[in-house]
Structure formats: C-alpha cells, structure tokens
Amino acid sequence: MVKDFVRREVLTQDEAVSSSFLMRSEDAGVETPGTLEDSERETVTTSSGAHPEPGSCSSGDLEPEWLDDVQKNGELFYLELSEDEEDALIQANALPVSYTNHVRFSDKEAEIITDHKSKKPCIHDHKLKKLANVLKKKGLVHGHSCKKVNEQRDNQPPGPVSILKHHPNSKTRVPVQLSYKDVLVYINPNKVNNESLTEGVKLLEACVGIIHQPASKIPADKKHFNTFTDAKTTAGEKLIVQSLVHGSAAMKCGQVFIGDVLIAVNDVEVTTENIERVLSCTPGPIQQEILYHYPMADASKKLKNIRGIFLTLCDMLENITGEQVISTSLLMNGKLVNVGYWKEGYNLLLIGLPAERVALPQLKNMIKNLVRTLQYMYNSLDSAFCKLENVPRLNHFFNLYFQRTIQPAKLNCSSSSQFDSSSTALFLDGLPGVRWLTLPQDIKMDIDTTLSDLESADFGELSEDFYDMQRLYMILGSCLFFKGYLIGNHLPKDDLLDIALYCQHYCLLPLAAEKRIGQLVIWREVFPYQYISSEEPIIEGYQEPKGKYFLLIVGLRHFMLCVVLEAGGCACKAIGNPGPDSIYVDQVKTILLKLEGLEAGIQERLTNPSTPYLSCADRFIPPRDMFESLSSSPIISKLQTTSKSTQSPTSRRTLFGDSNLRMRKSNPPRSNSTSDYADERFGDSGSFNVDFDSYSTSNKIKKHLRSEIPGSGGSENKKKQRFPNPFYLGSMKKSLPEAESEEIYNIKKLTSGSENTLFHYISLETLQGIFITPTHTEVAHLNGSIHSQLIKNFHRCCLSIRSVFQQTLDKRAKCSDIIHNSAQTLRKSSSGLGPVKEHGILFQCSPENWTDRKKPPPSMSYWVVGRLFVDLHPQEFYVCFHDSVTEVAVELAFRLSFGLIT
Amino acid sequence: MAGGLQLLCLSTSSGVPLYCRSKGESRQLSFSVIGSLNGVHMFGSNQDVLLTSTSTDNCRVCWRVFHDSITLIVMSSEEDASDLYFGRLLENVFNAMVLVIGLDDLVNLKNVERLKRELRACYKLIDSLLAASDWIGDLTMCVDCVASPDAAVLQEALDVFVAAAESNFGCLMVMGKTVVATEKWWRLTTQELVLLALLVGSLAPNSSRDYPIYLPHGSPTVPHRLLTFQLVPGVDVCLLCGPTPSLQQVQTELVERFWSPVLECLKTCLRVHQRSFLASINLHHSIVGLLLINREQNKNIFTLQPHADESSQQQGAVLLPERRRSVLRQFYTLAVSAYFPADTSEDQPALHEEFHTGFTHQPKECYITAADHKCYGLQTQQHQLFLTFTADTPTFALRSIATNTLGLLTKELPF
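Residues numbered from 1 in each chain as written. Chains lettered and ligands numbered in written order. Predicted model: local features only at pLDDT ≥ 70, side-chain atom pairs only at ≥ 80, totals over all residues. Heavy atoms only, no water.

### Here's the deal with the sheet that holds strand S11 (residues 235-241) of chain B
Residues and elements named next belong to chain B.
Part 1 of the argument: The sheet built from 5 strands is open, its strands ordered S8-S7-S11-S10-S9 with antiparallel pairing. The sheet is open, and its two edges are formed by strand S8 (177-181) and strand S9 (208-215), each paired on a single side. Between one strand axis and the next, the sheet turns by 30° as a mean value, whatever way the strands run.
Part 2 of the argument: The pairing of strand S7 (residues 169-174) with S11 spans 6 bridges and is classified as antiparallel. Across the sheet, the residue bridging to Gly170 is Leu239, located in S11. (Pairing = 2+ DSSP bridges. Helix = DSSP H or I, 4+ residues; strand = E, 2+ residues; numbered from the N terminus. Axes fitted to C-alpha atoms, helices over the stretch in contact; angles between N-to-C directions.)

### Here we look at helix H12 (residues 298-305) of chain A
Part 1 of the argument: Taken together, the buried positions of H12(A) are A:Ala299, A:Ser300, A:Lys302 and A:Leu303. End-on, the buried residues of H12(A) take up no more than an arc of 155°, which puts them together on one face. (Buried < 20%, exposed > 50% of the residue type's maximum accessible area, 1.4 Å probe, protein only. Arc of directions from axis to C-beta.)

### A short note on the nonpolar core
For soluble globular proteins, the rule of thumb is that nonpolar side chains tend to be buried together.
Part 1 of the argument: Of all hydrophobic cores here, the largest spans 210 residues; its most connected members are A:Phe398 and B:Tyr19.
Part 2 of the argument: At 13 residues, helix H2 (residues 83-101) of chain B tops the list of elements feeding residues into this core.
Part 3 of the argument: The residues touching B:Tyr19, leaving out its near neighbours within four places in the chain, are B:Leu7, B:Leu8, B:Cys9, B:Leu72, B:Val93, B:Met97, B:Leu119, B:Tyr123 and B:Ile126. (Core = buried A, V, L, I, M, F, W, Y, C linked by side-chain atoms within 4.5 Å. Contact = heavy atoms within 4.5 Å.)

### Some remarks on the packing of aromatic side chains
Residues and elements named next belong to chain A.
Part 1 of the argument: Summed over all chains, the structure comprises 34 aromatic pairs over all chains.
Part 2 of the argument: Aromatic side chains Phe398 and Tyr401 sit 6.2 Å apart centroid to centroid with 80° between the ring planes, which places their arrangement in the edge-to-face category. One end of the pair, Phe398, and the other, Tyr401, are both in helix H16 (residues 391-406), 3 residues apart, so they sit about a helical turn from each other.
Part 3 of the argument: Accessibility expressed as a relative area gives 0% for Phe398, which makes it buried. (Phe/Tyr/Trp six-rings, centres within 6.5 Å; stacked < 30°, edge-to-face > 60°.)

### Some thoughts on the side chain of B:Lys374
Part 1 of the argument: Within the secondary structure, B:Lys374 is located in strand S15 (residues 373-379).
Part 2 of the argument: One buried charged residue, B:Lys374, remains without a salt bridge, the closest side chain of opposite sign being A:Glu838 at 6.8 Å.
Part 3 of the argument: A polar contact of 2.9 Å, which involves the side chain of B:Lys374, links it to the side chain of B:Thr395.
Part 4 of the argument: Excluding residues that lie within four positions of it along the chain, B:Lys374 makes contacts with B:Ile368, B:Thr369, B:Leu387, B:Thr388, B:Phe389, B:Thr390, B:Ala391, B:Thr393, B:Pro394, B:Thr395 and B:Leu398. (Lys, Arg positive; Asp, Glu negative; His and termini not counted. Salt bridge = Lys/Arg side-chain N within 4 Å of Asp/Glu carboxyl O. Polar contact = N/O pair within 3.5 Å; in protein donor to acceptor, adjacent residues only side chain to side chain.)

### Considerations on unusual backbone geometry
Part 1 of the argument: Looking along the chain, the bond that leaves A:Tyr294 and enters A:Pro295 is cis, with omega of -15°.
Part 2 of the argument: In this chain, B:Thr244 is followed by B:Pro245 through a cis amide linkage whose omega measures -10°.
Part 3 of the argument: Examined against the element boundaries, B:Pro245 turns out to sit in the loop between S11 and helix H10 (247-259).
Part 4 of the argument: The phi dihedral of A:Lys483 falls on the positive side, at around 50°, and the residue is not glycine.
Part 5 of the argument: Located in the positive-phi region is B:Glu166, a residue other than glycine, with phi close to 60°.

### Details of the interface of chain A and chain B
Accessible area lost when the parts come together is the quantity often used to give the size of an interface.
Part 1 of the argument: Every contact between the two is made by 74 residues of chain A and, on the other side, 69 residues of chain B.
Part 2 of the argument: A salt bridge links B:Asp57 to A:Lys364; the nearest nitrogen and oxygen atoms lie 3.5 Å apart.
Part 3 of the argument: Connecting chain A to chain B are 26 residue pairs in polar contact (both at pLDDT 80 or more).
Part 4 of the argument: For the side of chain A that touches chain B, the element with the highest residue contribution is helix H32 (residues 785-817) of chain A, accounting for 12 residues.
Part 5 of the argument: Looking at the side of chain A that touches chain B, its residues break down into 37 nonpolar, 23 polar and 14 charged.
Part 6 of the argument: Across 7 bridges, strand S14 (residues 325-332) of chain A lies against strand S3 (residues 49-56) of chain B in antiparallel orientation. When the bridges of S3(B) are listed, A:Leu330 appears paired with B:Leu51. (Nonpolar A, V, L, I, M, F, W, Y, C, P; charged D, E, K, R; others polar.)

### Thoughts on the sheet that holds strand S12 (residues 287-294) of chain B
Part 1 of the argument: With mixed pairing, the 12 strands of this open sheet are ordered in space as S17(A)-S26(A)-S25(A)-S29(A)-S28(A)-S27(A)-S14(B)-S15(B)-S16(B)-S12(B)-S13(B)-S6(B). The sheet terminates laterally at strand S17 (434-435) of chain A together with strand S6 (143-144) of chain B, the two strands that pair on one side only.
Part 2 of the argument: In terms of strand pairing, strand S27 (residues 836-845) of chain A meets strand S28 (residues 860-869) of chain A through 8 bridges, oriented antiparallel. Residue pairing in the sheet places A:Gln844 in a bridge with A:Ser861 of S28(A).
Part 3 of the argument: Along the sheet, helix H13 (residues 321-338) of chain B makes contact with S27 of chain A together with S12, strand S13 (299-303), strand S14 (362-370), S15 and strand S16 (383-390) of chain B, crossing S16(B) at roughly 135°.

### Considerations on the confidence of the model for chain A
Residue and element names in this part refer to chain A.
Part 1 of the argument: When pLDDT is averaged along chain A, the result is 67, and 58% of the positions lie at 70 or above.
Part 2 of the argument: For chain A, helix H2 (residues 99-102) is the element with the lowest average pLDDT, namely 30, and strand S19 (residues 485-489) is the one with the highest, namely 93.
Part 3 of the argument: Long-range and interchain partners of residues 217-234, a stretch whose pLDDT sits below 50, account for 13 contacts in this model, where long-range means more than four residues apart.
Part 4 of the argument: Here residues 819-830 is modelled with pLDDT under 50, and outside its nearest four sequence neighbours on either side it reaches 13 contacts, counting other chains as well. (pLDDT = per-residue confidence, 0-100.)

### Some words on empty space enclosed by the protein
Part 1 of the argument: Under the counting rule described, the total for this entry stands at 17 cavities of 30 Å³ or more.
Part 2 of the argument: A volume near 220 Å³ is recorded for the largest cavity.
Part 3 of the argument: Taken together, 17 residues form the lining of the largest cavity, with A:Trp863, A:Thr886, A:Glu887, B:Thr395 and B:Phe396 sitting closest to its centre.
Part 4 of the argument: When contributions to the lining of the largest cavity are tallied by element, the ones reaching two or more residues are S28 of chain A together with helix H14 (395-412) of chain B.
Part 5 of the argument: A total of 4 residues in the lining of the largest cavity trace back to one element, the largest contributor, which is H14(B).
Part 6 of the argument: Partitioning the lining of the largest cavity into residue classes produces 10 nonpolar, 3 polar and 4 charged. (1 Å grid on protein atoms, 1.4 Å probe; cavity = no way out; pocket = protein on both sides within 12 Å on 5 of 7 lines; lining within 4 Å. Points joined across faces, edges and corners; volume = space filled by probe spheres on them.)

This is the structure in structure tokens:
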C-alpha cells in the first residue's frame, strides 16, 4: 500500500517523544483498507455573530443552527461561543500579530510546508484559540472569519484553510485555493512484472499508474506550472499528473486527476529526480501490520522502526509468564521513553511517552483510560483503528491526546492553568472519579428534581401521547456540570466515568469553566463500558435490551448537561446512523434554561469558602523582612520554641487595637517535642506560628469570610501585604461571643488543635465515582508563592502515594480472581509491602531567594498523607496539613466524608 | 514462574550465553528465549535505541551492557524487582566478575569457552548477591557494619597487625560485616568494599586464604592478593597486599601475636553481629527491623533482630524474619527511589525514572502502614533511618519512636 501523500500541511508536531501505533501481532485477517473518504470527519464548528436566543430554539419551526453540521454518520460536534468570548477572540486575532513572519502563505505550496514546519502557531494567542488551533490544524474547525472557505470546502478536503485562518488579512487571498489531498493508492511492488520494467517503463507508471513526462519535453506546459514551482526546489521538477494508465491503481481510486501535482509519497517529498528511487523502496503489503501510526515525527518513526522489539517481547513474555506486557522503557536520543502496551485480540496498541512526563504507574492508568475512551466512542479498538474513514478522526484524537499529556499548558486543557500544574492534571485526570461540587441541600434538590423531570420524558413533546407514536429514545440518565464541576448525577458510576473521560479528552470541562458557551451540542453513538464489559447479565434473569446508545451533550453558558439515550428496548429501534433529534436537544436546552435560575446560588457556593476551611501555607512562614521591618507589616509573629522570638511592637498595638494583636502562645501537642532530632538540625521546623490581625472585628463572621482582598497578585509584594486569608478565624474568635464563634469554627475546621492547619485535601469515592477537593476559587483565595508550590508538590506526591495504593488494589483484584486457590492467595497477600493502607511523606520548605547568609532560612514542614479504605468500593483520601499537630489520617477522612459527602 | 529470578550473562558481540544463574523456583529459560531476550536488545542498539527494562504485572526484565562486551539480563518475578534494585544488582554482578577474573578478560573476549570456565569462579559471589540474605549492602550500596563495643581495641590491634604485614589495607569482618578497617581500606570505593565483604562472607570457611582479586575501580587489570585469616569461626581478618608477604609468613608470625590478646573482644563481636550493635542499647519494643545509614561514610547498620534474645522469640511470631527482610528492603527501595535521592555522581543518563526530581519541596520523612507491619523512614544531612514496626504500633507514635531511635543510636554508636 502506498499512501500517495499530496501534502495538505505539516502538523507542528513537537520533537517531544510521543507516539502511538496499533498493529496486528499476526498478519492473518488483515482487511484491505478502502479508499480514504474525505469530508466525513468529525467537524467542530465555531461560529459567531447572530446566534439566536437560546430560548427560541425550542420553537420547532426554526431549523436548529447546528443542523448543517451533522455528519453523514449522524455525529455532531457543534460549538458556539458566547458573543463576548467571540469578541475577545476576534480582538486577539486583530492584534498586530506578525503571522506573516511565521507562515508566509503564498501560492507556492512548498514554501508553506517548509515554513510551517518550523514554526509553532501563535503561541501568544488567546487561550481558547490554542484549543481551536489544534482542532483547526487537523482541519476540523472552520473559522468564524472564513465563511467563504467553509462553503468551498464542501467538495474539497480541508486544505490550507487552516493556515489562512491564522491570518487576519487573508480574506482577500481566500480564492487562491490550493487543494492538498491525501490519496491512498494500493500498490504491490511485487506484482509489477519485470518485463515492463526492463522495457524502460518507469515505476511511477507501472506501479501507480501516473504518467508524467519530463517537463523539458513539453515546454509549453512549463510556463503554466511555474506558479507551483518553489524557488527552492531546484533539484527536481514537480511531478504533474499528465495522464493516468487505464485500470491502474491511481485511476481506480478516483481521486487522482490530471493536472494534480504529486508532492509526497509516504511522507517523503518527491520530485522527478527522486520519484523512482522512492517508489523502488516501497515495501510490499507486509507494511500492513501497522494499522495506525501517529504522529509522523522523528522520534515516533524511530519507535515504529523498532516495533519488532515490542512484538517480540509481547509474545515471548506472554509465553513465559502467562501475563500481558505492560510497559517497556528505552533510552532514545538520551531521553528515557516509556512505551505502554494494550492488547486486544490480535491487535496491539502501543503508546510511547517521555518518562519525564509520565511515570510508569501513571502510564498504565493512562492507557487504560485511553482505551476506555476509544471503546466508548468506537466500541472496540478494532473498529476504531481498522476502518479507514476513522483515520482523520484518530489523528485528531491523538493530537489532542499528546497535547494534553505532554503540553497541557499549551492546550490550556488543565482546568485552570493558573493553579493546575501538569502533575495536578496528571493526578486528577487519572482518578477514577469526577470532580464533585457539594451544594446546599435545597439547590441540590432542585437540580435533582429538574433532572428527574427530563429523565421521566413523559411531558410535552417527549411524551408518547404527543405525537401518538413510539418514542425515539429512552433517557437512561443524565449528569450536570457547572463550570466543570459535577453538580448532579443520575447515572451509574460507569456511565458517568465514560462521559467524564470523553469530556476530559475533548477538554469540555475547562471550556465550560472558563468561557461562556453560547451553545454546545454534541451527539454521537456511544458504547458504554458497562454494556461492553459485562458479558453476564447484571441482574439474574434480566437481559439488557440490545439497543444502541447515544450521548447527547448540550452546553449553555457555564452549564453542561450530558444525557445518555437508548434506542431499542422500549423505544424505537435506531436504524442506520441517526443524527440528533431536535426535540430532544430542545428539551435538554429547556432544562438547562430552567436550571439557570439556580446559577446565582451555585455561584455563591463557588465563590464562598466551604467546609472544611483551608489555611495558606505562606502564613506559617515568617516573611523575609519580618525582623527588620516589622513596623511596616501588620503581621505579628511569635517564635515559640526558639529564643529568637521577636519583640512585640507595642507601637502598633495602639493603632490596631488590642484585640487584633493577640500574641498567642499555643503549644501544639507534638509527639516528638521533647527531643526532636529534626528540630535540632533544621532549626524551628514546624514550630513557627504566625498570627495575623484581621481588619474588623465588628463584622459578622460570614461577611468576613466573604470579603475578598484585592490585589493579591505578584508574589513579591505579597510578602509585605497582609496575607489574604479570608478563611482564617484565629484572631477573631475571641472577640465574638465565645460560644458562637467556637462552634462555627470547630464545625468548619478539619484538623485538631487550635490552629487550622489544613492546606489541601482530595477525597475519592469510587462507589459514586466522584472526588471532592477545594474549588479553584478556594485555592485562588490562598494565593501565596509557597502555597502554590505546595499544591503542586501535593499532587506530585499523591501520584506516588496512589501508585503504592494501586499495587494493593491490583493485588486485591487478583486475589479475588483466584480466591479458590487459597494457598496462592495467602502467598500473594504476604508478599511485597503487602496491602498498604496509609502512606505519608513529610516535606520541608523554605522561602525562595533567601539572601540573608547569617541566618538560615525559616522553614516550614508539612505532611502529605494518603489513606486507602479497602472496602467493596475503595475510598481514597489525600490530605496536606502543617506539621504542628499530630493528625490521625483516618480521623480526618472520617470527619471529612461525614461532614461533606453525606 | 512465580517468585523467581534469572540472571543471564552473554557476550554482547556474539550473543553466546556465558552463564545463567537463578534463584527461587524459576525454571531454566530455554535457549530460544535467551536468544530473543538478547536479540531485542541488540536490535534496539542497532537502531540507536537502548532498551532498559520491560514489565508485566508480576515480572520484570532489565538489560545492561558493560564495556560493549558483556550483556547482563535479569528477569525476575519477585516482589522486590524494582529499577533501583536491578540497577544495583547488575552493576554489582559485573563488578563481581571484574573482581574475580579482571577486566581484561571480560573486555577482550578471545576464547569464549575459556572465559566460561573462568567465570565459574564468580558463581559463589554472584549467588550470594542474588540471595541477599543477612546483608543489605548490595541494595543500599553501603558497607554492612557491626558496632562492636570494643571497636577502639580492635582498631588498634588491626592497625598494628596490618602495619606489621607491610600493608595499608586491612579489615576485620564478622560474618561478612565489617567491624573495623584501616583508614586506607575505607578509601576503596563503596562498591569494592561491599563486594569484598560479600566475597569473604560467601567463601567456604577456611582457616586462611590467599585469593587473587582485581579491584573493579582501583585496579581492574592488575591483580592484588587478598589474604584472609580466620581468628575465631565467623571472624576473619583480611589483608590486601602485593606479592609479599606470603600467607605462611603472616599466618605463623603475625596472626597469633597480634590477635590472641584480643580474643575476648572477637568473641563479643560474634555475639553482637546478629543485632549489629550492643544489647545494652534498648530499642522500642515495637521495632522489628532497623536500617541506619551513614550517608557520608557509606556505612550501614542493619538488623532484623533488634532486641535481646528473650523478646525476639515473641517478635518472631509477629513477623517472620524472612518477611521482615523483604519488608525492610522494599520500604527502603520505595523511600529511596521516590523520596530520598541517593547521592549519585554518575554521569550517565538516568536509566530509570527519577521521581523525586519532580518535587518542589524537600521530602524529609515518610511512613507506610500495611496489614502486617508499619514502616518509618527519615533522612537528615548525615543519616537515613528506616524502621519496621509491628502492625499494632499506633501510627502517631511512629515518628517519635523513629526520632528517638535515631538520637539514641547516633549518641551511643560511633556512627
């Protein structure tokens, strides 16, 4: 098979070592791939301008605006940003961006290729645009400023449109349409008979069926093709299709036309000079053992070349150990690369990622999730990779995938780039749960009733009586997201996780968190995990209807409602690939509009701190200039255990009032306080407590909690500011009626002792498939340089704790498999570290850029502790707290889950 | 293959297997499997890709090539099959080969059959590396020591004995653990010290030996003589020297003269060696395993019987010694590979992930609690301490016990 690659554009693939490919481990049963059909690809459309009032959508007379974007296979991915977001985007585009320096789009296609290759598109561009760019690069997005192009595209594969798209001035050039196309032509060099070759017939003609005469022989044409000739390529001439051999491969495929220019064969650029050489090197059908390969970067090609290693190891180790290979590590260009395996039937999926990005334990999880996402979308790896029409979709899929794992910041895919480092994203994305936002009971109830209304589907147009016919779909359940947080779920855990993985992959959750969505409609057939994974009936004697399942996601502003529909069963059977039904879309939209009434309440919950209260880590480290410039800082501190304790600045006392400047001498109970070796060595680690004043004691607590301090921006001046910690109550409690404040404080504080020492937490409930962790707003409130490092460190550490836990869980799963073999079970459970329940690490940190050489930098110690509750449904709990109080992790977890989740 | 380990040694250029050692209940690998294991690595290096390791759920394979001439492959389905352990194991195995037959023969493979015969001399040493019984130095890359109460007396005796034998390198060992050594001896690389101790511990008991060795770092091509003399059963004094003096000469003239006055001290060493330190130091009763590392001197004290005899009976019921060893080794591996970076000055690129490089703050202490035990580890500028506890020890007490233990040991022991 030769892929006659008339190049469209070169993806700016990073040199990062990442690659995925899928291959047959056996040659048997390879289906002959069909010709690439263009225009059948997942289409993402962003459009702007006159988007209709969402409310008007429900009137059935108007054609929904997404209708034109429904593809042949029924799938729809329609995204429309709200007007102000669009404006922001357009403005960002209109800035005097020097694209012209980057991509000089001209009618010289070669130039685009060479130029574009080396440049990354608009790094400084608007955040969302980057996401859009990725989609565009794959030719999946039509731009809002290029309507003309869109129309032309109907009968043309997406071409250099994407390059034009970055170009604000390009509109005038739109008509210069260069159509680059990928054409797949099947050739078998082994079949070319030798006789014709000896007669001087060229391979291009014999194999492919393209006839090209050297330009010198037809000088008349040469002039004409000058426009296509790049000044740089002097070595050879362009290969122009002058005619086709009758019945040849090129003619059969029906996509090669006379006048086309052959630019590349199997990614190798060709000219008259090298075409014969390139073709003679074309391997025969043996190449087909690779079903899919992405990307075409150097590192990835190298991995492709050594695929024999993976196939051999896979076979051999399975024979010896009876187990599947999970991973292989190798050193390539001085970089360690981890390659993960997934075997499904005869197919083997390999993902290669740089080890510095993804460690081995995470790689295993990532592959599992990746395969699950692919299975959700395509039913199986086989149907995903073995259908040729899926190739562009998969290219898009893996482009997103690698961007997400290797450069999450660039894609802006982590939920909030400001706070989420890559380890944060890596950890949270790997959890088998969805981020849950706890809501007040009344709001939660409203949400649940509204969702139930939708799911009952017994009113309005959804009821069977309305049209007096069997309904098209059963609503199996739904889940609701607000700004990326799950706030309502009526789906089984596995369905929820499927949806979460899909949304995670397409970065939908951060999108809804940061941008106001004008309208988002996604429709596709899906293959839920619980149906494809379980062969036995879920309930004895009950058989799931053999229906089709569809996922409908509708987004409005910050809300996103995901609905799982079933066709067949008690609803109509779905025939072919039905597109989204506007009645269902409108009903979901109506529900969303109804839910918008709750937005204020939910938003209030998001902006206000919730239980348990958090502390800012920076608060536990005295600022650098504390000793010198106490008078300029309203921070009063006290060194407890050392003699270095500062003098209380009595002058300030009068200014702020006595109640504000309380010198507290709390002596937290420490297990090692007497002969603490660590303390002797590292000074006063962990025994440093800083107390702060609050501004006004007359205000009510609630008001105080809500007050946000503006200008907590740069970390440099922050040191001199009072520390914005709206959650901190320490100094105020005394001034309030004793009983009242104590009560409130104690309910909302998770840690023991008088100080609130809790920095961060994550609690995962695998029964419901959710996890809770402080919201982005809460973390943003505690903005401090040490604290943000601490958050990063916390997540990094959680990765390592969780990988220890996973060994326990894996072993447990294995043990239950072989429960009948009790001897082996015993052996397993007593080997290794055994079932680990709890794992904690103590960290020490000091302020950065400590300049004072005489004094050692002040330091602060904190624990990151993970606790695993191995039950029928395991729970995991991760917490980060200051070292001053000995905490019992079990107790913290208990308090948290009973205070919050129920 | 459950719970087994296979070590393969091949000639890199020809792929001829040189030897194969195994441990546990694993079956001998077939020739074709050995060929494939070597083949994939060779294929990779031809393509400029260095294959380092691969793993299934329970099994792990690791490849290393030394001096472009010797390929070592280890395949293990044991629980402690970590990158850290494999890295150190393969390094140790190769250096053990150098120690016994010298680098020249390993780099210039002229006669494979002869080399195979020569390599048989390493089997004992390699097997003791694989067995990892009473020592932990093979994993920690530190010298296993015994803190003798009479260290000063023994040190003096050793110094004069070594001087009389016209050497600078001398060491007193009890069951492969170092009691005292001369200053020059300590200047050998840690790897050499660990291997020498293992070699002495792994050789069959003999009253005296004259053993040619190559120092893998100090003198990989020129052999030295290692003289050992059994002072009391289990206690050997070792000398590293050139052509003189003769074994006979030292044995008859020096051993008796210098060591008989300190016979009682030697016997004390023998009593102390299981615990590695004196019975008078009372540790907390919940501790069932202890590893104290001096990071500056690359020495460690390791014991699985930290208590005086009477209580150890009871402790044995709680956690079998075999299990204690495995737990402590694995906890050390976890802590060092994830949190406490070992001071590696290696220039070569990392062959396995270095997880701790991703932390923004410095890990100082860590613990785990599992079903049948708890562990605590802490690191200071100079020391690392790893403790295993019984499962019923309260988690909140671990830290204070650990810090107190570290304080006590560093105060009481010259460590």
